[in-house]
Amino acid sequence: MISFLRGAVAHVGLSAAVIDVGGVGMSFAATPRTLAGLRVGEEGTVQTLLVVREDSLTLYGFASTEEREVFEVLLGVAGVGPRLALAVLAVHSPEAVRVAAHSEDAKTFTKVPGIGPKVGARLVLELKGKLVPLGAPGEAAPSSAGSAQGAWKPQVVEAMTSLGWSEKDASSSIDRALEDRPELAEAGSVPEILRATLRWLGQGARTPAKAGARG
């Protein structure tokens, strides 16, 4: 089993990347969040899982062991294949998936393209008890908007830092962008909040100082 890859990043695409491991280019599929952390020519490390099918061998890469573990559990749900499991992690962080499963929040899963109410309900049914929030093991998931921020804000900040903003500027920009959009904060959708923040920055707001130039 290939559990991780480490080497020079040879290529980063929209849905996959290649890492040179001892002169062998190892290709793997990954989420945009994982791919955003890789830079061509620099050393990269990803946790991996090899999915074996009758007609294919596909390697999937993850930014953390937690992401890989959630992916594996998702694959255990009837009707959920690697593509759909990866789509879930492209929209939600591993912790957000755990919170949704623990709190039986099917609507969180239906925000993923390709997942309707029936599949969302099945995910909640089959994941209940298998995934629990790591931040509060054994406790009910928080339901207030303020507590929910703990799940989505770090993800949005991470996405913005991968684009070049510092954590401080990213955090303050998110807060400013949502001042008049409390419904977005309450819903906690990472893609929607990220888009709203970038849109706010593009509408005449001061562009935060970026955290160092990228070569």
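What you see is a predicted model, and the numbers here were worked out from it, not measured in a lab.

Draft legend 1. Geometry of the confidence of the model for the chain. Considering every residue of the chain, the mean pLDDT works out to 82; 86% of them sit at 70 or more. The model gives residues 136-149 a pLDDT under 50, and that stretch makes eight contacts with residues more than four places away or in other chains. Under a pLDDT of 50 for its full length, residues 206-215 has, in the predicted model, 19 contacts with residues more than four places off or in other chains.

Draft legend 2. Layout of the packing of aromatic side chains. Taken as a whole and assessed by the stated rule, the structure comprises two aromatic pairs. Between Y60 and F71, the ring centres sit 5.3 Å apart and the planes meet at 40°, which makes this aromatic pair tilted. Taken together, the positions of Y60 in strand β5 (residues 56-62) and F71 in helix α2 (residues 65-75) put the pair eleven residues apart, joining distant regions of the chain. Take Y60: its relative accessible area is 8%, and that puts it in the buried class.

Draft legend 3. Representation of the nonpolar core within the structure. Grouped together as the largest cluster of nonpolar side chains are 27 residues, with contacts concentrated most on F71, F109, I115, L123 and L127. Where this core is concerned, the elements lending two or more residues are β4 (43-53), β5, α2, α3 (82-91), α4 (94-102) and α6 (117-127). Examining the composition of this core, we find that six residues originate from one element, α3, more than from any other. Not counting the four nearest positions on each side in its chain, L123 is found in contact with L74, V77, V80, F109 and I115. Ranked by size, the runner-up nonpolar core spans 15 residues in total, among them L178, L184, L194 and A196.

Draft legend 4. Spotlight on the packing of α2 against α4. Here α2 crosses α4 at 40°, and the two axes come no closer than 9 Å. Classified by the angle between their axes, α2 and α4 sit oblique to one another. Contact residues: E66, E67, E69 and V70 in α2; P94, E95, V97 and R98 in α4. Grouping the constituent residues of the contact of α2 with α4 by class yields three nonpolar, no polar and five charged.

Draft legend 5. Representation of helix α8 (residues 167-177) within the structure. Those residues of α8 lying buried are D169, A170, S173, I174 and A177. One side of α8 carries all its buried residues, which in axial view fall inside an arc of 135°. In α8, the exposed residues that point more than 90 degrees away from the buried face are E167 and K168.

Draft legend 6. Structural detail: the environment of L201. In this structure, L201 sits in helix α10 (residues 190-202). Counting along the chain gives 24 residues from L201 to A177, while the straight-line C-alpha distance between them is 8.0 Å.

Calculation notes
Residues numbered from 1 in each chain as written. Predicted model: local features only at pLDDT ≥ 70, side-chain atom pairs only at ≥ 80, totals over all residues. Heavy atoms only, no water. pLDDT = per-residue confidence, 0-100. Contact = heavy atoms within 4.5 Å. Phe/Tyr/Trp six-rings, centres within 6.5 Å; stacked < 30°, edge-to-face > 60°. Helix = DSSP H or I, 4+ residues; strand = E, 2+ residues; numbered from the N terminus. Buried < 20%, exposed > 50% of the residue type's maximum accessible area, 1.4 Å probe, protein only. Core = buried A, V, L, I, M, F, W, Y, C linked by side-chain atoms within 4.5 Å. Axes fitted to C-alpha atoms, helices over the stretch in contact; angles between N-to-C directions. Parallel < 35°, antiparallel > 145°, perpendicular 65-115°, else oblique. Nonpolar A, V, L, I, M, F, W, Y, C, P; charged D, E, K, R; others polar. Arc of directions from axis to C-beta.

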